[in-house]
Amino acid sequence: MPSIPTGVVRQAAAQAQPNIALVKYWGKRDVALNLPVVGSLSITLDSIWTRTLVCFEPALAQDTFILNGVANAAAGARASTSLDVLRARAGITTRARIETRNNFPTGAGLASSASGFAALVTAAAAALGLELDARERSVLARRGSGSAARSIFGGYAEWHRGTRDDGTDSCAEPLLAASAWPLRVVVAVTSEAQKSVSSTDGMLRTARTSPYERAWESTQEADLAEARAAIHAHDFAKLAAVSEASCLKMHALAMAARPGLLYWNAATMAGLHCVRQLRAEGVPVFFTVDAGPQLKAVCLPEAAEKVAAALCELPGVLRIVECGLGAGARVIPMETVAA
Ligand code: DP6
């Protein structure tokens, strides 16, 4: 297979933000292609981001991967697998230097793999001059990390389970623009540590051992339909009900694995009660939690200050990160990655 001619460097940079699932993805029907057992639905955030520069250089003997200024072989291996798919599309074998930066903790339940693979695929496709539409980039980002399929899009997005064995119909699509219903997300960071069991390992263990797998699969379509309808109607109470139910159902499924997966700590639990208490007092807020201990409180804009103040007071809450809803993955000037 040809390489890029010696001396010619092809490079581009992209930014993507994490997304938070309101109707959760958990479980794979094909591990190699990263195809999910269920569809899922999310909101893409605005102020926390991954910025990635991908530079295809003929002189390189192998891909190099620098995360926040430090070489990272494990993350690099996953990135190389994604780049291989793009290299095959472009008909080249040239290796790449990947420099990536997160302005938030990596691997701690803040969806860094979602923004990471969405930015990687977007930058690499641009560097190689591949004209891929967002749907195609979503399929490619999914192969790196399932939730990355959704970070290709801004605002509200749904990742379709798909039915094809080759995964070409398992991609996300936009549901509603961020500006059409600008919710706020208040993240209570309760640990800066890397999570003990990755989402991938947690899903595999769940599929092998949890007795609730079938119930999880058979009830997802109804949750998706309810969430979609709530979003289109801007019905906060309805979105709150289905989102909390999906979050607790995912954790119940994972807790029932052997050994059970416990992603929460005491502060996460305190946060769940705090959000429920606020809602009982009339504050428009609901919670969601992913495969880590951070508590994400989703609220109407006018409630954000009150929600942040309440969560901030809880023992074990280290800091608060507040975000709005943002745009999908996009190409950015290359100098902004190093800045
Ligand atoms: C709990 O997308 O990180 O956040 O596909 O194995 O990389 P892999 O998993 P990942 O899992 C995310 C799980 C979740 C729920 C969600 O985002 O839908």
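Predicted model, so just to flag it, every value in this text is computed and none were measured.

1. As for the pattern of salt bridges
Overall, the coordinates contain 15 salt bridges when judged by the stated rule. Between Asp290 and Lys24 there is a salt bridge whose closest N-O contact spans 2.6 Å. Here the residue Asp290 occupies a position in the loop between β13 (285-288) and β14 (295-299), and Lys24 occupies one in the loop between β2 (19-23) and β3 (28-30), the gap between them amounting to 266 residues. The class of Lys24 is buried, set by a relative accessible area of 1%. Across the salt bridge formed by Arg279 and Glu244, the nearest N and O atoms sit 2.7 Å from each other. Taken together, the positions of Arg279 in helix α8 (residues 266-280) and Glu244 in helix α7 (residues 236-255) put the pair 35 residues apart, joining distant regions of the chain. When its relative accessible area of 3% is taken as the criterion, Glu244 is described as buried.

2. With respect to the layout of surface pockets
Space inside the second largest pocket adds up to approximately 220 Å³. Elements represented by at least two residues in the lining of the second largest pocket include exactly α1 (73-90) and α3 (134-144). Of the residues forming the lining of the second largest pocket, the biggest block, 4 residues, is contributed by α1. Its residues assigned to classes, the lining of the second largest pocket shows 4 nonpolar, 5 polar and 3 charged.

3. Notes on the side chain of Arg87
As for its position among the elements, Arg87 is in helix α1. A polar atom in the side chain of Arg87 sits 2.8 Å from the side chain of Asp84. The residues touching Arg87, leaving out its near neighbours within four places in the chain, are Phe56, Asp63, Ser80, Ile92, Thr93, Thr94, Arg95, Ala96 and Leu128.

4. Observations regarding empty space enclosed by the protein
Summary: where empty space remains is shown by rolling a probe the size of a single water molecule over the atoms. Under the definition given, this model contains 1 cavity of 30 Å³ or more. Quantified by volume, the largest cavity comes out at close to 30 Å³. Along the walls of the largest cavity sit Ser82, Val85, Val121, Leu140 and Arg143, which together make up its complete lining. Across the lining of the largest cavity, the residue classes tally to 3 nonpolar, 1 polar and 1 charged.

5. Digging into the side chain of Glu57
Within the fold, Glu57 resides in the loop between β6 (50-56) and β7 (64-67). Looking at Glu57, its side chain comes within polar contact range of the side chain of Arg97, at 2.9 Å. If near-sequence neighbours (up to four positions away) are discounted, Glu57 is found in contact with Val9, Thr94, Arg95 and Arg97.

6. A closer look at the site of the ligand
Surrounding the ligand, one finds 18 residues, the nearest of these being Tyr25, Lys28, Ser145, Ser147 and Thr200. Contact distances for the ligand include 2.5 Å between an oxygen atom and a side-chain N or O atom of Thr200. About the coverage of the ligand: the protein hides 94% of its 460 Å² of free accessible area. The dominant element in the shell around the ligand, judged by the number of residues it contributes, is helix α5 (residues 199-209), at 3 residues.

7. Here we look at the sheet that holds strand β12 (residues 184-189)
With antiparallel pairing, 4 strands are arranged side by side in an open sheet as β13-β14-β12-β15. Every interior strand has two partners, whereas the edge strands, β13 and β15 (319-323), have only one. Neighbour-to-neighbour, the strand axes of the sheet open up by a mean angle of 25 degrees, direction not taken into account. The sheet contact formed by β13 and β14 spans 4 bridges and is antiparallel. Counted as the bridge partner of Thr288 is Lys296 from β14. Of the strands in this sheet, β13 and β14 are in contact with α7, which crosses β13 at around 20 degrees. On top of the sheet, α8 reaches β13 and β14; it is set at about 160 degrees to β13, its chief contact.

Basis of the calculations
- Residues numbered from 1 in each chain as written.
- Predicted model: local features only at pLDDT ≥ 70, side-chain atom pairs only at ≥ 80, totals over all residues.
- Heavy atoms only, no water.
- Salt bridge = Lys/Arg side-chain N within 4 Å of Asp/Glu carboxyl O.
- Helix = DSSP H or I, 4+ residues; strand = E, 2+ residues; numbered from the N terminus.
- Buried < 20%, exposed > 50% of the residue type's maximum accessible area, 1.4 Å probe, protein only.
- 1 Å grid on protein atoms, 1.4 Å probe; cavity = no way out; pocket = protein on both sides within 12 Å on 5 of 7 lines; lining within 4 Å.
- Points joined across faces, edges and corners; volume = space filled by probe spheres on them.
- Nonpolar A, V, L, I, M, F, W, Y, C, P; charged D, E, K, R; others polar.
- Polar contact = N/O pair within 3.5 Å; in protein donor to acceptor, adjacent residues only side chain to side chain.
- Contact = heavy atoms within 4.5 Å.
- Near = heavy atom within 4 Å.
- Areas by Shrake-Rupley, 256 points an atom, 1.4 Å probe, with all protein chains shown as cover.
- Pairing = 2+ DSSP bridges.
- Axes fitted to C-alpha atoms, helices over the stretch in contact; angles between N-to-C directions.

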